[in-house]
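Take a look at the letters that make up each chain.
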Amino acid sequence: MKSVVLEDVSVSFGKLRALSEVSVRAEAGQVMMLAGPNGSGKSTLLRVLLGLVHPDTGGLLVDGHATHVNRRFKEQLGYLPEAVAFSENLSGQQVLRFFAHARAVGRKRVDAVLERVGLSHAAKRRVRGYSRGMRQRLGVAVAILTEPALLVLDEPTGGLDQEGLDVLWSVLSEWREKERVVIMATHDLTLVERRVDSVCVLDAGRRVAFDSPSGLRRSVGLPLTVTFDVVAERIDEVAERIERWGRAELDRKEGVVRVAVSTEDLLALMDLRANLPGAVRSLRVEEPGMDEVYEALLNRGAA
Amino acid sequence: MSRVGRALIWHELLERTRDRWVLVVSVLFAAMASAVSAYGSSAGHGQEAAGATLTGPSLVTLASLFVPLVALVLSHDAIVGERERNTLGLLLSMPISRGEVVFAKFIGRGAALALSVALGMGTAIAIADGAQRHVLISLLLPTLLLGLAFLAIGLLISTLAPRQSVAASLVVVVWFGLVFFYDLGLLGLLVATDGGVSESVIAQLVVANPAGLYRVAMMQALLGGQALSDLGLAVDLPSVAQRGFIWSGWVLGPVLLSALILAKKRVLR
């Protein structure tokens, strides 16, 4: 599988327009993320991909060919639903063995996957006794059991502790390395930002933006934050020079001058600093947080 | 059936046998059936036929109460439970059709029901002796049929209900309605219409209910038609073909309807 495209998908639930002509594309060797607030249409779009919701218009293309969600497509699919709750009366191993039996996967693979998600020690324990994070890790185990060419994850970070997140990151890395397709929906953009290749931001059923994380940053044009650690007796001098320069917003606190500056003016600011030899001990340049980018995109979409 | 469907049947069987409610009701049924069987043996004072006429009808009455309950407990969460746990989408993301999911669940839970009936009736059979044992063995299949009819009804409720709590309430209503109040309702209808509805129509309505058909058919088989008339139960049992049609309708109808409803749903949550 080289690419999965959902093209011009529209879905209505009665009078509610859940998705309006949304198109997204996921490539092999990449992780594509659907982001958006609750009710933005992320899960609906995933359900269209899984054949659980039939769209009013639009459809699915795999490797450029129009496809239905049929058995052949499903053979290549691994899915982690949001907040999945497996049978509490069965052990983690029994749950996984059911899916293994259903998908013709051997018991060795079951043990290996349990090991991979860090549940070997609790394999024979009933799911009733699992923490929320352990249940989510069991869900990840089910999703990756068949080593699917297309991995679909709905809110995969929900309830995961650091160990669980590490497992998830390693799965994403492996799928990327093995040239498989990963599509995941989450509202937690900041947490997964560095692990995804493209982001589709949805709001109220509409596609607000679709780009790489850095592309999204560029598109909103939020300023960078430069923090100067200044020698105490020269802080007034540094602040005055930057204020006089007039192309940045300044905030000063005990030995620190913080400046918000556009990407274009960053070099000019560095020149300014070079003209103040010995005044600045160190400096730190920070890109805007993904949460700020996300908020800006949603505001732009609403406008 | 596909590989996923076959796996689902086993999974359902395994899961249901670990459900504490199913276990509780099954054990209770087994205990009461054993008590009835033991009482029949002792009351017969060694006369096997007399014991059988006591045990058989008592066990039919007991089974007509308990087996529908076990079946409804078994099936009420089959679909809506998966939906609430977010596992229905996961199931359907595998190479299996929606209809197949319904049938696999029915077969798997039907097998669990068979185990429950075998446990209940089996303990009664083990305690019984001679002719009494043969009578009880002859009850096994019709009792299972009764259970399957209610299992199918529970499955349909599970497909239609928006939440598991609603499904649980509905199966309680269905159990009381079909097992307890149906015959009373018909009697009320007869009295209220003052003969406007003929007895034959009422008799047909009695056997249209799976619990009614089971009771009448089993009582007639155990005690004979005359004994039923003496008890004031003037119900003509439909022909074997008609009975087969009624049972097929109750067992297959709700299952097919569930599969159709699930298959036609545009949106699955």
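From a predicted model like this one, the values you see are computed outputs, not experimental measurements.

Draft legend 1. Molecular detail of the overall build of chain A. The number of helices and strands found in chain A is 11 helices and 14 strands. For the C-alpha atoms alone, the extent of chain A along its principal axes is close to 70 × 45 × 35 Å. Burial statistics for chain A: of 303 residues in total, 52% are counted as buried. As displayed, chain A has an accessible area near 14000 Å², and 46% of this comes from carbon and sulfur atoms.

Draft legend 2. Here's a closer look at the interface of chain A and chain B. The interface of chain A with chain B comprises 34 residues on the first partner and 30 residues on the second. For the pair chain A and chain B, the summed buried surface comes to about 2900 Å²; carbon and sulfur atoms form 58% of the total. Taken together, the links from chain A to chain B amount to one salt bridge. With its nearest N and O atoms 2.8 Å apart, the salt bridge here joins Glu100 of chain B to Arg71 of chain A. Across the contact surface, chain A and chain B share nine residue pairs in polar contact (both at pLDDT 80 or more).

Draft legend 3. Highlighting the environment of Glu82 of chain A. Mapped onto the secondary structure, Glu82 of chain A falls in the loop between β6 (77-80) and α3 (92-102). With 94 residues separating them in the primary sequence, Glu82 of chain A and Arg176 of chain A have C-alpha atoms 22 Å apart. Excluding its chain neighbours within four sequence positions, the residues that come into contact with Glu82 of chain A are Ser43, Asp154 and Glu155 of chain A together with Asn86 of chain B.

Draft legend 4. Structural context of the sheet that holds strand β1 (residues 3-13) of chain A. Residue and element names in this part refer to chain A. Taken in spatial order, the four strands line up as β2-β1-β4-β5 in an open sheet, and their pairing is antiparallel. Single-partner strands in this sheet number two, and they are β2 (16-27) and β5 (65-67). Adjacent strand axes in the sheet meet at a mean angle of 30° when their direction is disregarded. In this sheet, β2 lies alongside β1 in antiparallel orientation, the contact comprising eight bridges. Note on β2: the bridge partner recorded for Ser3 is Glu27. Along the sheet face, helix α1 (residues 42-50) touches β1, β2 and β4 (57-62) and points at about 115° away from the line of β1.

Draft legend 5. Up close: helix α10 (residues 210-223) of chain B. Residues and elements named next belong to chain B. Compared with an ideal rise of 1.5 Å per residue, which puts 14 residues at 20 Å, α10 spans 19 Å between its outermost C-alpha atoms and is within 8% of the ideal. For α10, a buried count of 11 out of 14 residues is recorded, marking the element as mostly surrounded by other parts of the structure. Burial in α10 covers these residues: Pro210, Ala211, Gly212, Leu213, Tyr214, Arg215, Val216, Ala217, Met218, Met219 and Leu222. Capping the start of α10 is the job of one residue whose side-chain oxygen sits 3.0 Å from the backbone nitrogen of Ala211: Asn209.

Draft legend 6. Quick peek at the packing of α3 of chain A against helix α5 (residues 132-144) of chain A. Residue and element names in this part refer to chain A. Remark: α3 packs on α5, axes separated minimally by 10 Å, with the N-to-C direction vectors making an angle of 20°. With respect to their mutual orientation, α3 and α5 come out roughly parallel. Relative to α5, the crossing made by α3 is right-handed. In this structure, α3 uses Gly92, Val95, Leu96 and Phe99 to contact α5, whose residues at the interface are Leu138, Ala141 and Val142. Grouping the constituent residues of the contact of α3 with α5 by class yields six nonpolar, one polar and no charged.

Draft legend 7. Just the sheet that holds strand β3 (residues 30-35) of chain A, in detail. Residues and elements named next belong to chain A. The mixed open sheet is built from six strands, whose spatial order is β6-β7-β8-β3-β9-β10. Looking at strand neighbours, the two that pair on one side only are β6 and β10 (206-211), the edges of this open sheet. Mean inter-strand twist for the sheet, computed between neighbouring axes without regard to direction, equals 15°. Pairing between β3 and strand β9 (residues 198-203): four bridges, direction parallel. Bridged to Leu34 within β9 is Cys200. Contacts from α5 reach β6 and β7 (150-154) within the one sheet, and its direction differs from that of β6 by about 170°. Lying over the sheet, helix α8 (residues 213-220) contacts β9 and β10, oriented at roughly 110° with respect to β10.

Draft legend 8. Spatial organisation of a nonpolar patch on the surface. Nonpolar side chains collect at one region of the surface, where Val172, Phe176, Phe180, Phe181, Leu184, Leu187 and Val191 of chain B lie side by side and expose about 670 Å² of accessible area between them. With respect to the helices, strands and loops of the structure, Val191 of chain B is situated in helix α8 (residues 164-192).

Reading the values: rules and limits
Residues numbered from 1 in each chain as written. Chains lettered and ligands numbered in written order. Predicted model: local features only at pLDDT ≥ 70, side-chain atom pairs only at ≥ 80, totals over all residues. Heavy atoms only, no water. Helix = DSSP H or I, 4+ residues; strand = E, 2+ residues; numbered from the N terminus. Buried < 20%, exposed > 50% of the residue type's maximum accessible area, 1.4 Å probe, protein only. Areas by Shrake-Rupley, 256 points an atom, 1.4 Å probe, with all protein chains shown as cover. Contact = heavy atoms within 4.5 Å. Buried area = accessible area lost by both parts, 1.4 Å probe. Salt bridge = Lys/Arg side-chain N within 4 Å of Asp/Glu carboxyl O. Polar contact = N/O pair within 3.5 Å; in protein donor to acceptor, adjacent residues only side chain to side chain. Pairing = 2+ DSSP bridges. Axes fitted to C-alpha atoms, helices over the stretch in contact; angles between N-to-C directions. Expected span 1.5 Å × (residues − 1). Parallel < 35°, antiparallel > 145°, perpendicular 65-115°, else oblique. Left-handed = near helix turned anticlockwise from the far one by under 90°. Nonpolar A, V, L, I, M, F, W, Y, C, P; charged D, E, K, R; others polar. Patch = residues over 30% accessible without salt bridge, like charges linked within 9 Å, V, L, I, M, F, W, Y side chains within 5 Å.

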